[in-house]
Every structure is written in C-alpha cells, then in structure tokens.
Amino acid sequence: METKKLSVWLIGVVVVLILACLCCVVVAAGGWLFREQIPPLAALLASATPTVTRTSTATPTLTPTPTATASPTATPTNTATPTRTPTITLTPTPTQRQILGITTHITADGVELQLIAVKLQDVYTSGSDPVYPNPGETLLVVDAMVFTDNTFDIFDWNSAGSLWVVDEDGNTRYSGTTSITIGSIPGNATWVFSVPKSSQSFTMHFPGGFAIDLEPLLSGEIQPAPTEATGGAGQPAPTEAIGGLTLPPPLEPITCGSRRTNDFSDAGDFGVFDESFGSAGVVLGEFSLEMKEADSWIWSLDDYESSDAVYEVDVRRVADGSGAYGLAFGADSNDNFFTFAIDPYGNWGLYRHTSSDEWIALIDFRESFLLGTDYYTNHLQVVRSGEMIAVYGNGFPLTSAIYDTHNLGDRASGLIAWSNETAGLEARFDDYSVCNLEQPAFMPVYPMSESKLRWSLDQPAYLNFTWGTVTAAQAQLFADYADITISIDGQEFYGLKEYWGAVMPYQNGNAIMWNLPLPPLSKGVHRIEFSLSLSEGVTDGYDGDNNGKEDIYGPGEAFSGWVELDVR
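Residues numbered from 1 in each chain as written. Predicted model: local features only at pLDDT ≥ 70, side-chain atom pairs only at ≥ 80, totals over all residues. Heavy atoms only, no water.

Participant: Which parts of the structure should I look at to understand the sheet that holds strand β36 (residues 524-534)?
Facilitator: Adjacent strands of a sheet form backbone hydrogen bonds with each other and so pair up, either parallel or antiparallel. Read from one edge to the other, the open sheet built from five strands follows the order β30-β39-β36-β32-β33, with strand pairing classed as mixed. Two strands close off the open sheet at either side, each with one partner strand: β30 (452-455) and β33 (491-495). Between one strand axis and the next, the sheet turns by 20° as a mean value, whatever way the strands run. Taken together, the five bridges between strand β32 (residues 482-488) and β33 define a ladder with antiparallel strand orientation. Pairing of isoleucine 484 across the sheet is with glycine 495, part of β33. (Pairing = 2+ DSSP bridges. Helix = DSSP H or I, 4+ residues; strand = E, 2+ residues; numbered from the N terminus. Axes fitted to C-alpha atoms, helices over the stretch in contact; angles between N-to-C directions.)

Okay, here's the thing in structure tokens:
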C-alpha cells in the first residue's frame, strides 16, 4: 500500500513539473503558439513520430489547374495566352470615333487633361488684356479640361519647350499664352498659338510623347465636351446614369481602428520550435519556417484574436523544396482555419482546413503574373469583412471576394508553410501586421467572371480590372486609350476615367488598376455588364501567342463580360 501511494505521489510530481515547464515555454514564446492537429499540450509532449505530419493526399497540390493559366483579375500574362482572348476589330465599335486626348483623357507630365475645343480667331482676350497674332498670322486657340490639382505645372511646359503645334507644312509654333482657370476639378486650361493664316490642319504635341490631331475639334466633327466653365448641358456626366443613380467617388485607403505589428527584429519576442519535421524561429530579423520532412505542415499563430481585419506580411523563399507558404487566419482552438498561400512559381491558392484534418479548396492553386517567382519578396494581404474574404498579391486583388460563413468571429492569425513531395523549403517572413477594420471594407469583384457570386447585404463592393505590361508607359497608354462602359441592372455608365489608379510595378513589369466602387445594392440578384474599348491599338509588350510579335489589343472593343451579385 505504501509503495502504491508513493508511486501516485511521484506521478503527481512529474505532472506538475511538466506543466510548469510548459508555462515557461508559452511565456518565452511571447504569445506566438505553434499549433498542430492535436491539442498543444499533447503536441509538445510528443517525442516520437511528428504529430503534424500530413499525408500527401491531405496536403493541397501545387500543380496549377489546367483551366487556370492566368490571374482571374488580369487578362494579360507573360507566360501564357490570356484565358479571355480579346475581341480585336479593325474599326471602333462606339458610334462616335474614339480619339486619344479628345474623347479620352491623357496624362501628360502628371497632369490629366482632355481637349474640348479648338478654333481659329483674330484676337484672344484673357481678362482685360487682348492677345494678337504675329503680323500676317492668326491665332489657334485650344481649350482643355484639367482633372488634376497640379494645373500650375502646365506653365512650365512653355518655358521647357515641351508643348507645341505643327501644321501640314511643317511649321512649328510654341504657345505664346497659357490661361488656367482653377478653383474646382475639373478646371480649364487654354493655349494660344500664333500660326500662318494658310494653315489648315494642326497636330498638338504634349510632354510624354502624346501627339493629338486637332482636326476633329477644328472641323466640328467632335462637339466640345460640356464643362463647368462653359455651362454646357449635353450628355450626363461620366459618373451618372440616365436613371439618376450616381456612383461613389474613387476608393479611399482602408483605415485601421487599431493595428498590431511585428517586424521580427527582436528574437526574444518569439519562441523557437524545433522538431524533426520542421523548425521556426527568428533569423536575421525575419521569421523563418523551415520544412524538414516531406508531406507535412507547420504554422505559428499569434495569440492576438481579431474579427474584421486586414492581415499583411512580406514573404520570400530562401531555400529550395516543394511546398507553399503564406498567411493563416480565422483559426480557432480546434484547428479550423483558412490559409492564403503562394509557391515559388507564381501560383497561389485559398484553402480552409477543418478540425477533421480536411483541406477544402476555396480557390485551388493557379498562376498569377502579378506574383514574383523564385526568391522574390511578395507582399501578401488578406481582408476579412463580415462573411467575405479577399486576397491580394503585391497590392493587386487576385480574385473576386469569397463568401464563407465559417469566417465569422474573433479568430487567431499567423504564418504557415508546408512541404509536398520533397523537404527543404524555407520561407522568411517580415513586417507582419493586423489592421482592425472600423467599418466594412470595399471588396473586389472581377466584372468579367461570367458567374453568379454570393454577396452579403450591406457589404460594399468594387469592380476591379487590372492590366499588366512590360513598361510603365505601356500601362498608362492603355488607360489613356481605354473607354469603359458598365451597366448595373440595365442602367448604363460610361467614361469612368477617374477610377484609374497609378501605375504600380511587379516583378517583371508594371500594371495599372481600374477600381470602380458600386452603389449600395439591395437584396436580390444584380447583373453588371462590362465593356472596354480602345481608341487605338496598344501592346502590353508581351508575346502571349509566341508568334514572334508583341500582342496588340484594339482598336475597338477589346474586352467584355458580366458578373451577377446574389445579395442576401
């Protein structure tokens, strides 16, 4: 009897010592836990076969699906023919001829403008000072709308000699007078040139290489666009439909109610997890996850929980091996979680893992030219807003937002990596952050998905079109030539130039995004139709069909499609 009591007492002491050690481990981890399928206590006590080893059938495959050879939100690709081949026509489909800088905007030296009127006259009056031509000549007066607030930069064009007109005989004239009306956007700019009276046609040259034929405005083929300064009525403004529905202004950056950040600069803030199948720790100011066994996965979760939030991290591969790495989010104590992961070959996927160790592909691995390959550092971002999830790579949305009710509530987030058929993969993470949302975030919708998307009531949405090119100039030229028309439940909107953003770089090129916020949508199914026409043929600088020539898009309708939002 005494021996049995002593054994029980010794067992109790051992258990207490083990629990005490575990407390020390958690404190040393600074709030970052390494979770597996079984509870953390059992995992830390395991000493034989690694408990987080997964079979190859349970680990998501990294082979891109045959039907997904390019990013769903971007048509061009530098590795394959676009999944949506553009419809190329020889003549523009719009009833009015599309002319760069006259029916569409240009951005010259950072100033966005559009010509609205050209006329020949004997005198020009600006304020109280009349302007006269040189002897034997007449005045060419060119009016424009200006859509940016840096209108004073236009004055520099005269002194720099970067603005001029040329007539049919090769006579070149520089502007003698520039008049600018400011105080509102759009504003007005007027240039006055003294030209030979015999001149019949003119081409106007702007900074950045834009050359605009003035004949359509001079002959009256194209009527002057209505402006606030001229008081014109004419057609509805670009952001209005005949039915009276107005679109929201361009997107504003997401604001944080609070932000949790970590740049992994202090190794003492994080625990180091080291077993035979994988290891984690801080290396030279970056957080490292290294796979030491095939067909397994490891993760590190912050003990901080959040609900609607934006999760971001920079990640790169530093050692070879098959597998993927990225963000884990929406994690509970039963190993239910989501993961947005990329591989070293420009593929990405969105998965949900269940407590029964099942991987559910919300979006199976597919390629995006917007993701860097090999050892490139990619910036990953996930937005959780209500029942919606959006994923971004290097600032670009990769797909339409996903609806999933398993996404609700306060959950943990962190970092994840896994191996497939070979071990050795090591990923390094930096600048991890969690931004708690103050209000529902606008979530992306690809307007040419030709599918019905489930959408949450009162969840803001925006249409996204991304165009990638080799050079920044090619990307900007595409936006300048593009004329987009959309309809929402039959109400048509056109123009929409103000929704183009700035050119952004990625690993092998540059891209420009068009982001159009949608007005609030009521319950029911809403059909949105999208059409993009180009006034001139443009190239993205790639040879997608491998014919030895750069791909050309336009003139005419280049892209069209539709999407339906099922709002409940």
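Participant: How should I be thinking about the side chain of asparagine 515 in this particular structure?
Facilitator: Tracing the chain through its elements places asparagine 515 in strand β35 (residues 509-517). Reaching out from asparagine 515, the side chain makes a polar contact with the side chain of asparagine 464 at a distance of 2.6 Å. Apart from residues lying up to four places away in sequence, asparagine 515 is in contact with Leu251, Tyr462, Leu463, Asn464 and Tyr499. (Polar contact = N/O pair within 3.5 Å; in protein donor to acceptor, adjacent residues only side chain to side chain. Contact = heavy atoms within 4.5 Å.)

Participant: I keep staring at the sheet that holds strand β12 (residues 210-213) and nothing clicks. Help me out?
Facilitator: The four strands lie next to each other as β8-β7-β11-β12, forming an open sheet whose pairing is antiparallel. Each edge of the open sheet carries a strand with a single partner, namely β8 (172-174) and β12. Between one strand axis and the next, the sheet turns through 25° on average, direction left out of account. Summarising the sheet, strand β11 (residues 202-206) and β12 pair through four bridges and their orientation is antiparallel. Residue pairing for β12: phenylalanine 206 is matched across the bridge by phenylalanine 210.

Participant: Where do I start with the nonpolar core in this structure?
Facilitator: Note that soluble globular proteins tend to have their nonpolar side chains buried in a common cluster. One finds Leu115, Trp191, Phe206 and Trp514 to be the most contacted residues of the largest nonpolar core, which totals 78 residues. Setting aside residues no more than four positions away along its own chain, tryptophan 514 makes contact with Leu463, Asn464, Phe465, Ile484, Ile486, Leu496, Tyr499, Trp500 and Phe530. Counting residues in each nonpolar core, the second largest holds 42 residues, with Phe277, Ile298, Val382 and Tyr542 among its members. (Core = buried A, V, L, I, M, F, W, Y, C linked by side-chain atoms within 4.5 Å. Buried < 20%, exposed > 50% of the residue type's maximum accessible area, 1.4 Å probe, protein only.)

Participant: Help me understand the pairing of strand β24 (residues 388-393), please; the structure alone is not making it clear to me.
Facilitator: Each regular strand displays side chains that alternate between the two surfaces of the sheet. Counted residue by residue, β24 has six buried out of six residues, so it is predominantly covered. Alternating residues of β24 divide into Met388, Ala390 and Tyr392 and Ile389, Val391 and Gly393, and every residue in both groups is buried. Where strand β23 (residues 378-385) and β24 come together, six bridges link them in antiparallel fashion. Bridging from a neighbouring strand, valine 383 pairs with alanine 390 of β24. Linking two consecutive strands that pair antiparallel, namely β23 and β24, is a turn of two residues; a positive phi of about 60° is found at glycine 386 within it.

Participant: Could you clarify how one ought to interpret unusual backbone geometry in this entry?
Facilitator: Only a minority of non-glycine residues have a phi that is not negative, and only a minority of peptide bonds are not trans. Residue proline 555 is bonded to the preceding glycine 554 through a cis peptide linkage, with omega at 0°. Assignment of secondary structure puts proline 555 in the loop between β38 (552-553) and β39 (556-567). One non-glycine residue, aspartate 109, lies in the positive phi region at around 55°. By secondary structure assignment, the location of aspartate 109 is in the loop between β2 (106-108) and β3 (111-121). On the basis of relative accessible area, aspartate 109 is assigned to the partly exposed category, the value being 49%. If you check the backbone angles, phenylalanine 264 has positive phi at about 60° while not being a glycine. Within the secondary structure, phenylalanine 264 sits in the loop between β13 (256-262) and β14 (273-274). By relative accessible area, phenylalanine 264 is classed as buried at 0%.

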